[in-house]
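Here is how the chains run, residue by residue.
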Amino acid sequence: MTSPVWHPFTQHGLNEPVPLVTHAEGAALFTADGRRVIDAISSWWVTTHGHCHPRIMAAIRQQASTLDQLIFAGWTHEPAETVARDLVAMMPRPLDHVFFSDSGSTSVEVALKMALGHFANRGEDRHRIVVMEGSYHGDTIGAMSVGARGVFNRSYTPLLFDVDVIPFPEPGAEQATLDIFERLCADRPAALIVEPLLLGAGGMRIYAPSVLRDLRQLCAAHGVLFVADEVMTGWGRTGTLLACEQAGVVPDLLCLSKGLTGGSLPLAVTMATPDIFESHRSTDRATMFFHSSSYTANPIACAAAAANLAIWRDEPVLDRIADLTRRQAVQAQTLAGKVNNLRQIGTVVAMEFQDRSGSYLSDLGPRLLNFFREREVLLRPLGNTVYVMPPYCISDDDLARIYAVIDQALAL
Ligand SMILES: *Cc1c(COP(=O)(O)O)cnc(C)c1O
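Residues numbered from 1 in each chain as written. Predicted model: local features only at pLDDT ≥ 70, side-chain atom pairs only at ≥ 80, totals over all residues. Heavy atoms only, no water.

Chemist: Let's hear about the sheet that holds strand β13 (residues 340-345): which residues, and what values?
Modeler: Taken in spatial order, the three strands line up as β13-β14-β16 in an open sheet, and their pairing is antiparallel. The sheet terminates laterally at β13 and β16 (385-388), the two strands that pair on one side only. Within the sheet, the average angular offset between the axes of one strand and its neighbour, ignoring direction, is 15°. Here four bridges tie strand β14 (residues 348-352) to β16, and the two strands are oriented antiparallel to one another. Each bridged residue has a counterpart across the sheet, and for Met351 the counterpart in β16 is Val386. (Pairing = 2+ DSSP bridges. Helix = DSSP H or I, 4+ residues; strand = E, 2+ residues; numbered from the N terminus. Axes fitted to C-alpha atoms, helices over the stretch in contact; angles between N-to-C directions.)

Here you go:
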């Protein structure tokens, strides 16, 4: 019998195999048919320390035996209080307020609604959002509206709201991006939303920290809120806890998810400055922040996040990240000259394979996907862009194996 499951980003008409995974540990997935698969993309960018980290698993077990779920409007619980307190201590000031939701997409929706609500409550006529060309911020309608338009959202385009777009700051053309943004600032937009330093789903494109710093300064000069979507770049992926750190900038709104629970359970936060919190706070119930999901700040997910934050506090996580960054650079060198545009930021390495069409729907991507799957490596190319983003605990042998398989795939 065929499965009734409808998978995400999957063309069921192609009948590609869907491996059944029974358990995972560290950087390895184990399938029902007895194979050990190397998770070279951290299960779609979420797994940071490794699968089934003992401290996070223990926290989940413990929490599951005491409080499973609680309405979060007007009620609270210790795991959420701990996570919020620890996040404020860990993230840059003045991101002093923590709003919980349950995915990266919802953290972006929340950030956009907070930005618009902020100006509405202050009686300021600012309601446009500026975005960077090629960005990805999630798959809900609002998140798609601020993301790149393409084959992914063609059917929904008529429903997406209008945004202003600044070009991707290609090396050497950064000033054009800044000039266009400065011109757009004259129209008094509400916010600029960016993926700091690294555009993930848009093809693992890297841009200079100086651009991020200059965009942030323009936002401050023109009263535009600066929203950093660190859903993927957060939690050390780019070498620092936040990518924003490398540019020395602090956003007005910060979106975090994916590695927030170490990649174990769905949870997200949108962190906000006192200014944004205060514009919603009054004795007038009409200015409260009207947003909730049923599972806002689920206690078990919060316990997992609290354990993750404790790991960041008392284990040498940044040293592991520096070590993986160095090992990734060594491995990437084995492909130098064989692939196009080989690049790295922190723990992420990306490259382009030669392809005649170059589009996401070219058949190179699926052929590579199959090739990697057959060789027991989970890599999921974005069109002809192949990237390696492993959990920080990956062994030298597993990392070398990933690059050996990529090298073999060059003959495809
Ligand atoms: C993955 C991602 C999202 C969406 O997160 P979900 O949890 O999949 O909804 C948003 N922004 C960025 C930058 C992402 O990489």
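Chemist: Summarise the sheet that holds strand β7 (residues 191-194); cite the residues concerned and give the values.
Modeler: By way of backbone hydrogen bonds, the strands of a sheet pair with one another, either parallel or antiparallel. Across the sheet, seven strands lie side by side as β4-β12-β11-β10-β7-β5-β6; this open sheet has mixed pairing. Sheet topology places β4 (97-101) and β6 (164-166) at the edges, where each strand pairs with a single neighbour. Sheet twist, expressed as the mean angle between neighbouring strand axes with direction ignored, is 20°. The pairing of strand β10 (residues 225-229) with strand β11 (residues 253-256) spans three bridges and is classified as parallel.

Chemist: Outline the layout of surface pockets, listing residues and values.
Modeler: Volume-wise, the second largest pocket comes out at about 780 Å³. Secondary structure elements with two or more residues in the lining of the second largest pocket: α3 (78-90), β4, β12 (268-272) and α8 (274-280). By residue class, the composition of the lining of the second largest pocket is 16 nonpolar, ten polar and two charged. (1 Å grid on protein atoms, 1.4 Å probe; cavity = no way out; pocket = protein on both sides within 12 Å on 5 of 7 lines; lining within 4 Å. Points joined across faces, edges and corners; volume = space filled by probe spheres on them. Nonpolar A, V, L, I, M, F, W, Y, C, P; charged D, E, K, R; others polar.)

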